[in-house]
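Tertiary structure, described
Next come the chains, spelled out residue by residue.
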Amino acid sequence: DHYFRLLLKPDSFRTWWVRTLPELKAYLDQDPTPTHVIFVGHCDKSIGQMRLATGYGSPNELLGAFAPAPKVFLSLACSSGQANFGRAFSSGVGCGSLVAPFQAIHGAVAVEVGVLMFNNLFLRGDSLRDAVRHVNGSLPSKVHLRLWKDGGFETPGSLAVAPTSELSNQGLSVRPSLWGL
């Protein structure tokens, strides 16, 4: 939240802390247009679901709360980059891409991931693939992000540097939302 206050105009982002799917839906009824969404929480890698205050939320249940327009999701939940969550979530309606850690991630490293990711996207103008590649190159060797799109895992390390992104060209006119699950 504090980083976005420095990076973006005050009216261009929202921060909501939610514990349940009904709370998530209630906030989205107020502001249904995020372009980027950050999940902060816990993912159970054995069942591929996010832990909520009322139990677990499947990828389809989480995506069902959002409008169908494609969004970039950054999950900072442990192991949410593994196939049992990443494949299902990224193939759902409304998910343009999912960037998520393959393994457990310490809270301090998760904060670093968020800062680096949005710095690369919005300030450097990296493509999403290049932003993931740059973040992976900056993190401790035990932490690795995966980029999922349309149910498949993409390898960001093999890609060339892309031109400045549309988001950067539009003067940072994005609507990211931070979600604490």
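Residues numbered from 1 in each chain as written. Predicted model: local features only at pLDDT ≥ 70, side-chain atom pairs only at ≥ 80, totals over all residues. Heavy atoms only, no water.

**Digging into the overall build of the protein chain**
The secondary structure content of the protein chain amounts to seven helices and 10 strands. With 181 residues in all, the protein chain has 51% of them scored as buried. Contacts in the protein chain between residues at least 24 apart in sequence constitute 73% of all its contacts with a sequence separation of at least 6. For the protein chain, the accessible area works out to roughly 8,500 Å², and carbon and sulfur atoms hold 56% of it. (Helix = DSSP H or I, 4+ residues; strand = E, 2+ residues; numbered from the N terminus. Buried < 20%, exposed > 50% of the residue type's maximum accessible area, 1.4 Å probe, protein only. Contact = heavy atoms within 4.5 Å. Areas by Shrake-Rupley, 256 points an atom, 1.4 Å probe, with all protein chains shown as cover.)

**Brief notes about the pattern of salt bridges**
Scanning the model with the defined rule gives four salt bridges in all. For glutamate 23, the salt bridge identified is with arginine 19, shortest N-O distance 3.2 Å. (Salt bridge = Lys/Arg side-chain N within 4 Å of Asp/Glu carboxyl O.)

**Some words on helix α6 (residues 128–138)**
Buried within α6 we find Leu128, Asp130, Ala131, Val132, His134, Val135 and Asn136. Looking at the packing, one finds that the buried side of α6 touches β6 (71–75), β7 (95–101), α5 (107–123) and β8 (145–149).

**Focus on the side chain of serine 79**
If you trace the backbone, serine 79 turns up in the loop between β6 and α4 (83–90). When residues no more than four places from it in sequence are discounted, the contact partners of serine 79 are Cys43, Lys45, Pro101, Phe102, Gln103 and Ala104.

**Comments concerning helix α2 (residues 21–30)**
Buried within α2 we find Leu21, Leu24 and Leu28. Down the axis of α2, the buried set is contained in an arc of 60°. They therefore lie on one face. Along α2, the residues that are exposed and aim more than 90 degrees away from the buried face are Pro22, Asp29 and Gln30. Between the side-chain oxygen at the start of α2 and the backbone nitrogen of glutamate 23 there is a gap of 3.2 Å, and the oxygen is on threonine 20. (Arc of directions from axis to C-beta. Polar contact = N/O pair within 3.5 Å; in protein donor to acceptor, adjacent residues only side chain to side chain.)

**As for unusual backbone geometry**
With the exception of glycine, the majority of residues adopt a negative phi angle, and the majority of peptide bonds are in the trans configuration. Of note, the phi angle at serine 79 is positive, near 60°, even though the residue is not glycine. Positive phi outside glycine occurs at aspartate 150, with the angle close to 55°. In this fold, aspartate 150 is placed in the loop between β8 and β9 (152–154).

**Some thoughts on the nonpolar core**
Membership of the largest hydrophobic core comes to 25 residues, with the highest contact counts inside it found for Val113, Met117 and Phe118. Of all elements in the fold, only α1 (2–7), α5, α6 and β8 reach the threshold of two or more residues within this core. Looking at this core, the element that brings in the most residues is α5, giving eight residues. For methionine 117, the residues in contact, after removing those within four places along its chain, are Leu74, Val99, Leu128, Ala131, Val132, Val135 and Leu145. The next biggest cluster of nonpolar side chains, apart from the first, holds 22 residues, and it includes Trp16, Leu28, Phe66 and Ala100. (Core = buried A, V, L, I, M, F, W, Y, C linked by side-chain atoms within 4.5 Å.)

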